[in-house]
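# Examining the three-dimensional arrangement
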Amino acid sequence: MTGEPEIGDVFGEMIRDAYAVATGIGPRPMAGGRLPRPVIEIIERDDGLVNGAPAEHYLDPPQRWQPHDHRAVDRVRGHVLDVGVGAGRIALHLQDRGVPVTGLDTSLGALRVSRHRGVRDLVHGTVDEHAADGHRYDTFLLLGNNLGLFEGRKRAPAMLAALAALARPGARVIAHGTDPYGTTDPVHTAYHERNRRRGRIGGQLRLRLRYRLLGTDWFDYLVCSPEEFAELVHGSQWRLTDVDDTDHPYYLATLELRR
């Protein structure tokens, strides 16, 4: 007993339990042996901040989505790669609309839930790994705040290059991000300043996820302003063509492959 979590598929275990609680399919996590226990995603930041949020939103049907999710799926064209498919909420909706869609995730547990829910085409791996498979797509969706997968200045060029390697001519990326700088909470403003002093983007998070006895390794996850994202894209094979900030501080950034 070290007090440290075992490294494992935190997201997959959490999604499996959330699915079991929502549907009764599979063993449910129990509180006191009698009632289903709420499934909470625990996010630990490297300054010691710990937050928790219910995990059931990963299963939400379209009627419970945020408006920006609906606007994002209305902009897709051609074959879609849903990056970070999770429990499949976006991919299932696109399938129902007759849109060809492939779901990509690093979590085997999440992919099992997606498949059980009916997502037909799933890939286990990262964008970089999938780029070697020879598949090509017209639209890349990074929803659920998955603009964060760009991580920061070091990772973004490789991520953009991998997406370009998977792209057909005229392809687009639609990524959901959050501008972190509207807050006056000193816990967050101090973190932004600490990041900048270390040469990082202010909202570049260093996180690990926890669920029950499991944890992930520490990883970077990017929360940035549209202007900061534009700087990361500048000079790549992509150009930033639109920022939809109707639901500020949330926004949809659309990239198009340069001709």
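These remarks concern the structure in this document. Treat the numbers as computed from the prediction; the structure is a model and nothing was measured. (Residues numbered from 1 in each chain as written. Predicted model: local features only at pLDDT ≥ 70, side-chain atom pairs only at ≥ 80, totals over all residues. Heavy atoms only, no water.)

### Quick word on helix α1 (residues 10-23)
Look at α1: 20 Å from first C-alpha to last across 14 residues, which is about the 20 Å you get at 1.5 Å a residue. Residues Val10, Phe11, Gly12, Met14, Ile15, Asp17, Ala18, Tyr19 and Ala20 constitute the buried set of α1. Next to the buried residues of α1 lie β4 (40-45), α4 (108-117), β11 (204-211) and β12 (214-215). Looking one or two places after α1, you find glycine 24, whose phi comes out positive at around 80°. (Helix = DSSP H or I, 4+ residues; strand = E, 2+ residues; numbered from the N terminus. Expected span 1.5 Å × (residues − 1). Buried < 20%, exposed > 50% of the residue type's maximum accessible area, 1.4 Å probe, protein only. Contact = heavy atoms within 4.5 Å.)

### Focus: the sheet that holds strand β14 (residues 238-244)
Pairing in this open sheet of seven strands is mixed, and the strands run β8-β7-β6-β9-β10-β15-β14 from one edge to the other. Because the sheet does not close on itself, it has two edges, and the strands there are β8 (122-124) and β14. Put simply, the sheet's adjacent strands are angled 20° from each other on average, direction ignored. Sheet topology places strand β9 (residues 137-142) next to strand β10 (residues 167-178); five bridges connect them, and they run parallel. Bridge pairing in β10 places tyrosine 137 opposite alanine 167. (Pairing = 2+ DSSP bridges. Axes fitted to C-alpha atoms, helices over the stretch in contact; angles between N-to-C directions.)

### Remarks on the pattern of salt bridges
Applying the stated rule across the entire model yields 22 salt bridges. A salt bridge links aspartate 60 to arginine 64, with the shortest nitrogen-to-oxygen separation between them at 4.0 Å. The closest approach of N and O atoms between aspartate 128 and arginine 155, which form a salt bridge, is 2.5 Å. With aspartate 128 in helix α5 (residues 127-130) and arginine 155 in the loop between β9 and α6 (156-165), the pair connects residues that are 27 residues apart, well separated along the chain. For aspartate 128, a relative accessible area of 32% puts it in the partly exposed group. (Salt bridge = Lys/Arg side-chain N within 4 Å of Asp/Glu carboxyl O.)

### Comments concerning the environment of aspartate 96
Locating aspartate 96 in the fold gives a position in helix α3 (residues 89-96). Sequence separation between aspartate 96 and histidine 130 is 34 residues, and the spatial gap between their C-alpha atoms is 25 Å.

### Examining the packing of α1 against α4
At a minimum axis distance of 7 Å, the contact between α1 and α4 shows a crossing angle of 35°. Mapping the contact onto sequence places Phe11, Gly12, Ile15, Arg16 and Tyr19 in α1 and Gly109, Ala110, Val113, His116 and Arg117 in α4.

### Section: the side chain of arginine 208
Positionally, arginine 208 belongs in strand β11. Look at arginine 208 and you get buried, because its relative accessible area is 7%. Among the polar contacts made by the side chain of arginine 208, one reaches the side chain of glutamate 4 at a distance of 2.9 Å. Within the structure, arginine 208 has its side chain in polar contact with the side chain of glutamate 44 (distance 2.8 Å). (Polar contact = N/O pair within 3.5 Å; in protein donor to acceptor, adjacent residues only side chain to side chain.)

### As for the nonpolar core
Ranked by internal contacts, the top residues of the largest apolar core, which has 33 residues, are Phe140, Leu147, Phe150, Phe229 and Trp238. With six residues, the single largest contributor to this core is α6. The contact partners of phenylalanine 229, leaving out residues within four places of it in the chain, are Leu147, Phe150, Cys224, Tyr251, Ala253 and Leu255. Membership of the second largest hydrophobic core comes to 19 residues, among which are Val80, Val85, Leu111 and Leu252. (Core = buried A, V, L, I, M, F, W, Y, C linked by side-chain atoms within 4.5 Å.)

### Some words on the packing of aromatic side chains
This structure, assessed with the given rule, holds five aromatic pairs. Ring geometry for phenylalanine 150 and phenylalanine 229: centres 5.2 Å apart, planes at 70°, overall edge-to-face. With a gap of 79 residues between them, phenylalanine 150 in the loop between β9 and α6 and phenylalanine 229 in helix α8 (residues 226-233) connect regions that are remote in the sequence. Residues phenylalanine 150 and phenylalanine 229 agree in their burial class; the two are buried. (Phe/Tyr/Trp six-rings, centres within 6.5 Å; stacked < 30°, edge-to-face > 60°.)

### Comments concerning the side chain of glutamate 41
Assignment of secondary structure puts glutamate 41 in strand β4. Not counting residues up to four positions away in its chain, the partners in contact with glutamate 41 are Phe11, Met14, Asn51, Gly52, Ala53, Tyr58, Leu209 and Arg210.

### Comments concerning unusual backbone geometry
In this structure, the amide linkage connecting histidine 248 to the following residue, proline 249, adopts the cis form with an omega of 15°. The residue proline 249 is located in the loop between β14 and β15 (250-257) in this model. A positive phi angle, close to 65°, is found at glutamate 151, a residue other than glycine. Mapped onto the secondary structure, glutamate 151 falls in the loop between β9 and α6. The exposure class of glutamate 151 is partly exposed, given its relative accessible area of 27%. Located in the positive-phi region is arginine 212, a residue other than glycine, with phi close to 50°. Mapped onto the elements, arginine 212 comes out in the loop between β11 and β12.

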